[in-house]
Amino acid sequence: MPFLGQDWRSPGWSWVKTEDGWKRFELFSHELEDNNNNLDMKELQDENKENLFPGEDCEVVAKKRKKDHFNNNAKSQVYYQEKWIYVQKESTRERHGYCTLGEAFNRLDFSSAIKDIRRFNYVVKLVQLIAKSQLTSLSGAAQKNYFNVLEKIVRKVLEDQQNPRLIKDLLQDLGSTLCILIREVGKSVLVGNINIWICRLETILNWQQQLNNLQIPKQVSNGVTLDDLPLHMQNNILYKFSDGWDIVNLGQVTSTLHMLSEDWHLWKKLCQYHFAEKQFCRHLMLSEKGHVDWKLMYFTLQKYYPKKEQYGDTLQFCRHCSILFWKDSGHPCTANDPDNCFMPVSPQHFIDLFKF
């Protein structure tokens, strides 16, 4: 397999510290050349400040002024962040060390992924899994990036007023984890000062309060509403939902939708979609008349078994190159038939890739 990274004998990349952590950047060569042409020795000597320094000192001062000019010219800097990462689990001749969960979280640009409606639920689920079990494995920079991404998720929900229940569950799990870590400080490993973690916990409680106070205004529309649709079309819409709570909430809108949401055929199909028949037999729920209560069975089964995950877009893993990437951005694959080497990565699979 050819070596895909930078030569390990090179000076290395240039890095800049940002609010999301350390990022690699490149400079536009053509802009630098133009700046070099404009910053010659004659222009630098116009202020006559270099005349105060004799001989070689004048040239040193001129170089320093040129360097300061480049540092202050923010337009000539472009932050470069790859949308893929090589998943390395052992040292080789070309690569030393291994890839961690925190490094992958920093490199795969989740801040931009939450803006895509296809990836939003995927990123939220991944953040929730990290909160449950992998929070202490993140480095300090990865933790900072993690909470920056979380802040953007909460801000997006408050602005768009969509998916509040999903984020409430996420903050509930994260708050419980932080309470346990702070209470057992000394027994568990916490990267950073304890006061920082206490401030983070207070921030989470503040976010929970904002979500609880979120009021979604009633939309007034003069056009066709959901209640104006024919009965069979409303029923077809309910059959498109894959989450039971969404069906329950929609059933509270009108009396017609409530009647349709109580249909046992709908809940039976939902149970068959998420769970296997063997699981039905272990937790069979009967009504007073002796019939199977499929709605009650659905909410009972989800306590014992995970539901089938469904996402608009996920990360992809190339089995040939061992690279994790977003499908639309691609990666430098060397396989003859790359499409057969790709496999979707669920949030749990993403966590498992970095368990050594």
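Residues numbered from 1 in each chain as written. Predicted model: local features only at pLDDT ≥ 70, side-chain atom pairs only at ≥ 80, totals over all residues. Heavy atoms only, no water.

Asks: I'd like a rundown of the overall build of the protein chain, residues and numbers included.
Replies: Broken down by element type, the protein chain carries 16 helices and 7 strands. Per-residue burial over the protein chain gives 35% buried out of 356 residues. Taking the contacts inside the protein chain whose residues are at least 6 apart along the sequence as the reference set, 63% of them involve residues at least 24 apart. (Helix = DSSP H or I, 4+ residues; strand = E, 2+ residues; numbered from the N terminus. Buried < 20%, exposed > 50% of the residue type's maximum accessible area, 1.4 Å probe, protein only. Contact = heavy atoms within 4.5 Å.)

Asks: Before we move on, can you summarise the sheet that holds strand β7 (residues 342–345) with the specific residues and values?
Replies: Taken together, the 4 strands give an open sheet; going across it, the order is β4-β6-β5-β7, and neighbouring strands pair in antiparallel fashion. Since the sheet does not close on itself, it has two edges, and those belong to β4 (84–86) and β7, each with one partner. Neighbouring strand axes in the sheet, compared pairwise and without regard to direction, differ in orientation by 25° on average. The pairing of strand β5 (residues 315–318) with β7 spans 4 bridges and is antiparallel. Each bridged residue has a counterpart across the sheet, and for F317 the counterpart in β7 is M343. (Pairing = 2+ DSSP bridges. Axes fitted to C-alpha atoms, helices over the stretch in contact; angles between N-to-C directions.)

Asks: For the side chain of T300, give the residues involved together with the corresponding values.
Replies: Tracing the chain through its elements places T300 in helix α15 (residues 294–304). Looking at T300, the relative accessible area reads 14%, which means it is buried.

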